[in-house]
Amino acid sequence: MTIILDPTDERVPVARQISERSGSVQGVVGLLNISKPRGNILLDELDRLLTENAPGVEIRHYTKPTFAKPCPDTLRHQIRDECDFLVEGLAD
Amino acid sequence: MHDTVWFEIQGIPSVSIASSVFGQAAETQRKALGMEGARYVLVPHPIQDATDDEMRAKAREAFDQIIGALRDA
Amino acid sequence: MSDQKPEFILKDLQGAAHHFDGTGPALVCFVKEDCETCNIAGPVLQTLSQAYGDAVRFLVPGQSGEKNADFAQRHGLTMPVLEDAGCKTSFSWDFEIVPALYWIDESGAVVTHFEGFVRDDWQALSDQMASATGKAAAQVDWDSLPAWRPGCGSKHFDPEVYDALRAEAEGSRLRARKVEVASGDDMAEFMFDQGFSDGLPLVPPTPERVIRMLEGTHRDPQDVIATVPPNMGPATVEKIAINAVMAGCKPEYLPVVIAAVEAVCTDEFNIHGVTATTMGAATVMVVNGPIVDKIGLNGGLGALGAGNRANATIGRALRLIIRNVGGATTGGVERSVLGNPMKYTMCFAENEERSPWEPLHVERGFKAEDSVVTVFAMTGGPVHLVDQTSRRPDQIAGSLGQGLEGVFLPKMHNLPIDALLVVCPEHINTLTVDGPYSKDRLRDRIQQVTARPLSEMVQDDHSGAGIPVADAERMGPEKLAQLAPKFAGKEYIHIVVAGGDAGKFSSAFHGWATGEVGSISVSRKIDLG
């Protein structure tokens, strides 16, 4: 971790905002398996629940090469281009 | 949380699922990444020795929270 | 006693914490695993601890992380070898060389302290300890040891370690909010995302860098230099330093940036208006005086262009301060229809050596030995003024005048608007070929060659700018025949010398609204302490 000093007048909290939530889940939901053992079972069950509860939602599965590092850029870009939502798991 | 934060910046609502022992880590990390609003959902520990049925139960219990994290402001 | 050493709590190789409360009797010796001299001292320490360890507490803080264990093992050390993580304790004990040994008595007084290895000192120490403890003298084969070894520089002086330690120790001098950026996060992207940038990459303002930057000024970090519009954010020396780091400044540039902030935040200069105007004004900084050579500002070849760090980063730092401390973001308060590249940076030095005139700052009332920054609000430029063939002084002066016709629009005259004329050395040569040619004479010449009858300024089919037709009719032919120079007065024409020796090309900056309604140029002495 690196610390930097705030160059502003500090009126606005230095924070990134999360993207807007639309009030519904539609389109393509990505399920990203971070490759920790047993996470796949949980994600498969989520797939089933999504299909059952949110018909019309398309589900795509992705797998990260290793849970120990952030997702490689190529995979990140692929997911960004293909998905409207992302669920990532399972960190343990 | 790194990935979650990255996808949020790209405009894709995201949620990270972690076992309950990771609550503190997730909290620290999203703060360190400058996105205190990044979403995560915790499922009960343990994971590695849980049976398949127990894993599915964890998924069912967390499902509403996961959808909520993607759907609700 | 005043020389009592700071207390510490450090862990040994097994993870047990050892608290040194400042008092002894204790022998504390800082070592570094890869230091040859420390490895000479190692076995001696062990022998001393066997002889006196019952009566004196032995503590050996190591600076080598995991390798501390190697050191302990190599010399069979039985006293606690401690982990001085990050060299914080070494820093607070403030020595320079390892091994650094302290023998401390019950009261906490340092009885003996030495650094490196001088055999006689160590032998004398052993004798002292024997008499103080009433123990038999340690059996050291002194003759087998070298008489003297210099030791190694303490690890806490490694630049990256030292700066971090100092930043932490001096943390109280810094008040700015600390922002944590995770190691997996891209720092450059993070800073873009936070809106800190002018569009170009920034140098991360770590506490270490900011502390170093602050060394460029004698002023207290919390001194408020100005309140910066539009948000009226307080520009402390610290905030200025943070932005100067981001801009890429060296510490010695900081006083110039501070003076520039002071200058633009005056009522006269009106940085709010300069920033907000749709016309797209920007600050042009001219620096004069001894600081120019001291910090390497460029007033010569390429002075108005790229390639010089001081020119580029000082101008940029000012701009970042307006953005970050003042809150003037493009599209927010910053509303210029097109903007101009001077909004990134525009700072140069006057080429005083090649000027036949007194330097700008002296003309404006300062002493020649003062260092001064002068700020102008300019909407355009630098515009090239090309004349490669004039041979007589009044010819080149005339060309420079004609070159200024473009301010606002060639058709517009009698403008109460500043222009900053930058005369190049070759044009200076032509101007002064017959002897001195004063600045005022040049101004008069500019006004003379640009004088046109008012009739040429009436709105017509070619251009709807200028004197309304109805007004022109009221004025009548006699009045319309009167000549109007480009500028409402010659005081609007500011002149400096800059540029390299080869090339008959001068330049001009075109002003924004000048005066109470707009901006008045301001000079500020640079405080060099």
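Each value, and the rule that gives it
Residues numbered from 1 in each chain as written. Chains lettered and ligands numbered in written order. Predicted model: local features only at pLDDT ≥ 70, side-chain atom pairs only at ≥ 80, totals over all residues. Helix = DSSP H or I, 4+ residues; strand = E, 2+ residues; numbered from the N terminus. Buried ≥ 20, exposed ≤ 12 C-beta atoms within 10 Å, placed from the backbone. Contact = placed C-beta atoms within 7 Å. Nonpolar A, V, L, I, M, F, W, Y, C, P; charged D, E, K, R; others polar. Pairing = 2+ DSSP bridges. Core = buried A, V, L, I, M, F, W, Y, C linked by C-beta atoms within 7 Å. Axes fitted to C-alpha atoms, helices over the stretch in contact; angles between N-to-C directions. Left-handed = near helix turned anticlockwise from the far one by under 90°. pLDDT = per-residue confidence, 0-100. Parallel < 35°, antiparallel > 145°, perpendicular 65-115°, else oblique.

**Student:** Looking at this model, I keep getting lost on the overall build of chain A. Mind explaining?
**Tutor:** When its secondary structure is counted, chain A shows 2 helices and 4 strands. The helix and strand sequence of chain A, counted from the amino end, reads β-β-α-β-α-β. The buried share of chain A, reckoned over its 92 residues, is 34%. Taking the intrachain contacts of chain A between residues at least 6 apart in sequence as the baseline, contacts between residues at least 24 apart amount to 74%.

**Student:** Help me understand the interface of chain C and chain A, please; the structure alone is not making it clear to me.
**Tutor:** Where interface size is given, it is often the accessible area lost as the parts come together that is meant. The interface is formed by 30 residues belonging to chain C together with 14 residues belonging to chain A. Sorting the residues of the side of chain C that touches chain A by element identifies strand S12 (178-181), helix H6 (187-193), helix H7 (207-214), strand S14 (233-236), helix H8 (237-247) and helix H12 (309-324) of chain C as the ones contributing at least two each. A per-class count over the side of chain C that touches chain A returns 16 nonpolar, 9 polar and 5 charged. The sheet contact formed by strand S1 (residues 2-5) of chain A and S12 of chain C spans 4 bridges and is antiparallel. Residue Thr2 of chain A lies in a different strand from S12 of chain C, and its bridge partner there is Val181 of chain C.

**Student:** In this structure, what is going on with the interface of chain B and chain A? I would like to understand it.
**Tutor:** In this assembly, 42 residues from chain B lie in contact with 32 residues from chain A. Residue assignment for the side of chain B that touches chain A shows that the elements contributing at least two residues are helix H1 (2-9), strand S1 (14-19) and helix H3 (52-71) of chain B. Considering only residue class, the side of chain B that touches chain A consists of 22 nonpolar, 10 polar and 10 charged. As judged from the 4 bridges shared by strand S4 (residues 85-91) of chain A and S1 of chain B, these two strands associate in the parallel manner. Bridge pairing links Glu88 of chain A to Ser16 of chain B in S1 of chain B.

**Student:** Which parts of the structure should I look at to understand unusual backbone geometry?
**Tutor:** Across the chain, the bulk of peptide bonds are trans and the bulk of non-glycine residues have phi less than zero. Of note, the amide linkage connecting Gly89 of chain A to Leu90 of chain A takes the cis form, showing an omega dihedral of 5°. Mapped onto the fold, Leu90 of chain A is located in strand S4. Note the cis peptide between Gly24 of chain C and Pro25 of chain C, where omega equals 5°. Summarising the element assignment, Pro25 of chain C is placed in the loop between strand S2 (17-20) and strand S3 (26-30). In this structure, Arg38 of chain A is a non-glycine residue whose phi angle is positive, near 80°. Among the structural elements, Arg38 of chain A can be located in the loop between strand S2 (28-33) and helix H1 (39-53). Of note in the backbone geometry, Met232 of chain C takes a positive phi value of approximately 55° without being a glycine. Relative to the helices and strands, Met232 of chain C resides in the loop between strand S13 (224-228) and S14.

**Student:** Explain the nonpolar core to me, please; I cannot follow it from the model alone.
**Tutor:** Ala244, Val257, Ala260, Val261 and Met285 of chain C are the most contacted members of the largest nonpolar core, which totals 154 residues. Other than its neighbours up to four places away in sequence, Met285 of chain C contacts Ala260, Ile314, Gly315, Leu318, Met346, Cys347, Val373 and Val375 of chain C.

**Student:** Before we go on, may I ask you to explain the environment of Arg166 of chain C in this structure?
**Tutor:** Residues and elements named next belong to chain C. By the element assignment, Arg166 lies in helix H5 (residues 159-169). Take Arg166: there are 16 C-beta atoms within 10 Å of it, and that puts it in the partly exposed class. Sequence separation between Arg166 and Ser92 is 74 residues, and the spatial gap between their C-alpha atoms is 9.9 Å.

**Student:** Is there a simple way to think about the packing of helix H14 (residues 393-403) of chain C against helix H16 (residues 439-450) of chain C in this case?
**Tutor:** The relative placement of two packed helices comes down to the angle between their axes together with the axis-to-axis distance. All names here are of chain C. Where H14 meets H16, the closest approach of the two axes is 8 Å, and the angle between their N-to-C directions is 65°. In terms of crossing hand, the pair formed by H14 and H16 is right-handed. Contacts from Asp394, Ala397, Gly398, Leu400, Gly401 and Gln402 of H14 reach H16 at Leu442, Arg445, Ile446, Val449 and Thr450. When grouped by side-chain class, the residues that make up the contact of H14 with H16 number 5 nonpolar, 4 polar and 2 charged.

**Student:** Just checking my understanding: could you explain the sheet that holds strand S5 (residues 81-83) of chain C for this structure?
**Tutor:** For sheets, the rule is that strands pair by backbone hydrogen bonds, running either parallel or antiparallel. Residue and element names in this part refer to chain C. The sheet built from 7 strands is open, its strands ordered S2-S1-S5-S4-S3-S7-S8 with mixed pairing. Strand pairing shows two members of the sheet lacking a second neighbour, S2 and strand S8 (110-115), which therefore form its edges. Direction aside, the axes of adjacent strands within the sheet are offset by 30° on average.

**Student:** Got a minute to help me understand the environment of Asp394 of chain C in this structure?
**Tutor:** Its location among the elements puts Asp394 of chain C in helix H14. Taking C-alpha positions, Asp394 of chain C is 9.7 Å from Ile446 of chain C, a pair spaced 52 residues apart along the chain.

**Student:** Would you take a moment to explain the confidence of the model for chain B for this structure?
**Tutor:** Detailed reading of the predicted model is not advised wherever pLDDT is low. Per-residue pLDDT for chain B has a mean of 88; in total, 99% of the residues score no lower than 70. Quick note on the complex model: pTM equals 0.67, ipTM equals 0.93.

**Student:** Is there a simple way to think about the packing of helix H9 (residues 254-264) of chain C against H12 of chain C in this case?
**Tutor:** Residue and element names in this part refer to chain C. Interhelical geometry of H9 versus H12 gives an angle of 50° and a closest axis separation of 10 Å. With respect to their mutual orientation, H9 and H12 come out oblique. You can see that H9 and H12 cross each other, and the crossing is right-handed. Contacts between H9 and H12 involve Val256, Val257, Ala260, Val261 and Val264 from the first element and Ile314, Ala317, Leu318 and Ile321 from the second. Tallied by class, the residues present in the contact of H9 with H12 amount to 9 nonpolar, no polar and no charged.

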